[in-house]
Amino acid sequence: GGGRYTRLARARGHAVTAVDMEAAALADLRADSEVEIVAADLEGAPWPFGERRFAGVIVTNYLHRPLLPLLVAAVADGGALIYETFAAGNETFGKPSNPNFLLQPGELLDAVRGHLTVVAYEHGTVEAPRPHQRIAAVRGVRPTLRLPLS
């Protein structure tokens, strides 16, 4: 996408690895030594990160179910996963309407179960209203900091 969360993380002082099939929107960040830009087709090519782990993994408005185990595994010890996307029921409001791109109730909980500790979870209608599902989960020790989801 346009790098909204990449820019937010950088504004808060975090080093970032941004991945997208089309990384052109991030061209202005190429000079930033704390931003690694990876142009990759996450659905049609091998996972570009191997066994690499990250302090934080953020995914928004995107769902490709075969990636869920890889995204969960990419969270480092003490790291966090923040994931939010459209849920079943969104088809009544417009796109996405294909069930392949809509989370079923509890699906993110199932994806992290046994691997990460859930800090916050929500499945419901948000934003005008639109069915969404979102989760914040950590690997290892539970943080003392609460992660706002909105």
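Residues numbered from 1 in each chain as written. Predicted model: local features only at pLDDT ≥ 70, side-chain atom pairs only at ≥ 80, totals over all residues. Heavy atoms only, no water.

Draft legend 1. Layout of a nonpolar patch on the surface. Among the surface-exposed residues, Y5, L8, I58 and I82 lie close enough to one another that they form a single nonpolar patch of about 310 Å² accessible area. Here Y5 shows up in helix α1 (residues 4–11). (Patch = residues over 30% accessible without salt bridge, like charges linked within 9 Å, V, L, I, M, F, W, Y side chains within 5 Å. Areas by Shrake-Rupley, 256 points an atom, 1.4 Å probe, with all protein chains shown as cover. Salt bridge = Lys/Arg side-chain N within 4 Å of Asp/Glu carboxyl O. Helix = DSSP H or I, 4+ residues; strand = E, 2+ residues; numbered from the N terminus.)

Draft legend 2. The arrangement of the side chain of E107 in detail. Here E107 is to be found in helix α3 (residues 107–112). Dropping the residues within four chain positions of it, E107 is found in contact with R65, L68, L102 and Q133. (Contact = heavy atoms within 4.5 Å.)

Draft legend 3. Expanded view of the nonpolar core. Core analysis: the biggest nonpolar cluster contains 24 residues, and W47, V57, L71, L81, Y83, V112 and L116 have the highest contact counts within it. Listed by contribution, the elements that provide at least two residues to this core are β3 (54–60), α2 (68–73), β4 (75–86), α3 and β6 (130–138). When neighbours within four sequence positions are excluded, W47 is seen to be in contact with L42, L67, L70, L71 and A74. Membership of the second largest hydrophobic core comes to eight residues, among which are V16, A18, L26 and L29. (Core = buried A, V, L, I, M, F, W, Y, C linked by side-chain atoms within 4.5 Å. Buried < 20%, exposed > 50% of the residue type's maximum accessible area, 1.4 Å probe, protein only.)

Draft legend 4. Inspection of the pairing of β6 at higher detail. Most of β6 sits out of view: eight of its nine residues are buried. Where β4 lies against β6, seven bridges are found, and the strand directions are antiparallel. Its bridge partner lying in β6, Y83 is registered against I135. (Pairing = 2+ DSSP bridges.)

Draft legend 5. A look at the confidence of the model for the chain. The share of residues in the chain with pLDDT of 70 or more is 91%, and the mean pLDDT across the chain is 88. Within the chain, the element-level pLDDT minimum falls on strand β5 (residues 117–126), averaging 86, and the maximum on α2, averaging 97. (pLDDT = per-residue confidence, 0-100.)

Draft legend 6. Structural view of the environment of P131. For P131, the location among the structural elements is in strand β6. Overall, P131 belongs to the buried group, its relative accessible area being 8%. Spatially, the C-alpha atom of P131 lies 5.2 Å from that of A87, the residues being 44 residues apart in sequence.

Draft legend 7. Representation of the side chain of E84 within the structure. Within the secondary structure, E84 sits in strand β4. For E84, a relative accessible area of 13% gives the class buried. A distance of 3.2 Å separates polar atoms of two side chains, one belonging to E84 and the other to R134. (Polar contact = N/O pair within 3.5 Å; in protein donor to acceptor, adjacent residues only side chain to side chain.)

Draft legend 8. The packing of aromatic side chains, seen in detail. Evaluation of the coordinates by the stated rule reveals two aromatic pairs. Measuring from ring centre to ring centre gives 5.3 Å for W47 and F49, while their planes differ by 75 degrees; the resulting arrangement is edge-to-face. When the centroid spacing of 5.3 Å and the interplanar angle of 85 degrees are considered together, the rings of F49 and F54 count as edge-to-face. In terms of burial, F49 and F54 fall into one category: buried. Each member of the aromatic cluster is reached from another via a ring pair, and the members are W47, F49 and F54. (Phe/Tyr/Trp six-rings, centres within 6.5 Å; stacked < 30°, edge-to-face > 60°.)

Draft legend 9. Region of the structure containing the environment of A9. Along the chain, A9 falls in helix α1. With 99 residues separating them in the primary sequence, A9 and L108 have C-alpha atoms 23 Å apart. When sequence neighbours within four positions are dropped, the list of residues in contact with A9 reads H14 and V16.

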